[in-house]
Amino acid sequence: MSIHVDEDLLPAVETLTAEQRRGAACVWCERALQPGIDDVDLGARRATRNGPAWFPRGCRLCCYGREDW
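Residues numbered from 1 in each chain as written. Predicted model: local features only at pLDDT ≥ 70, side-chain atom pairs only at ≥ 80, totals over all residues. Heavy atoms only, no water.

Quick word on the pattern of salt bridges
- Taken as a whole and assessed by the stated rule, the structure comprises 1 salt bridge.
- For Asp-39, the salt bridge identified is with Arg-57, shortest N-O distance 2.5 Å. Taken together, the residues Asp-39 in strand E1 (residues 39-41) and Arg-57 in strand E2 (residues 57-59) connect sequence positions 18 residues apart. The two residues Asp-39 and Arg-57 agree in class, both being buried. (Salt bridge = Lys/Arg side-chain N within 4 Å of Asp/Glu carboxyl O. Helix = DSSP H or I, 4+ residues; strand = E, 2+ residues; numbered from the N terminus. Buried < 20%, exposed > 50% of the residue type's maximum accessible area, 1.4 Å probe, protein only.)

As for the side chain of Arg-45
- Tracing the backbone through its elements, the reader meets Arg-45 in the loop between E1 and E2.
- Take Arg-45: its relative accessible area is 7%, and that puts it in the buried class.
- Reaching out from Arg-45, the side chain makes a polar contact with the backbone oxygen of Leu-42 at a distance of 2.8 Å.
- For Arg-45, the residues in contact, after removing those within four places along its chain, are His-4, Val-5, Asp-6, Glu-7, Leu-10, Ala-53, Trp-54 and Pro-56. (Polar contact = N/O pair within 3.5 Å; in protein donor to acceptor, adjacent residues only side chain to side chain. Contact = heavy atoms within 4.5 Å.)

Regarding the layout of surface pockets
- The volume enclosed by the largest pocket comes to roughly 200 Å³.
- Around the largest pocket, the lining residues are Val-13, Arg-21, Arg-22, Arg-46, Ala-47, Thr-48, Asn-50, Gly-51, Pro-52, Ala-53, Trp-54 and Phe-55.
- Residue composition of the lining of the largest pocket, grouped by class: 6 nonpolar, 3 polar and 3 charged. (1 Å grid on protein atoms, 1.4 Å probe; cavity = no way out; pocket = protein on both sides within 12 Å on 5 of 7 lines; lining within 4 Å. Points joined across faces, edges and corners; volume = space filled by probe spheres on them. Nonpolar A, V, L, I, M, F, W, Y, C, P; charged D, E, K, R; others polar.)

A look at the environment of Arg-31
- As for its position among the elements, Arg-31 is in the loop between helix H1 (18-21) and E1.
- For Arg-31, a relative accessible area of 35% gives the class partly exposed.
- Residues Arg-31 and Gly-65, 34 residues apart in the sequence, show an inter-C-alpha distance of 14 Å.

Set out below in structure tokens:
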């Protein structure tokens, strides 16, 4: 599932781990994710002058308050 979340609702990219930046862990709780299986795609972020592209994803619990779908 994919949704686009405004930048101001996401944690600052510089505070995230490498796993969170590449979409392998939830940006909020750091739970390990299986992209395309148990994650919510929050919309890829383009590279800027100040930093590389990143791919925020969240777990279903953090995004929707539930794990079962």
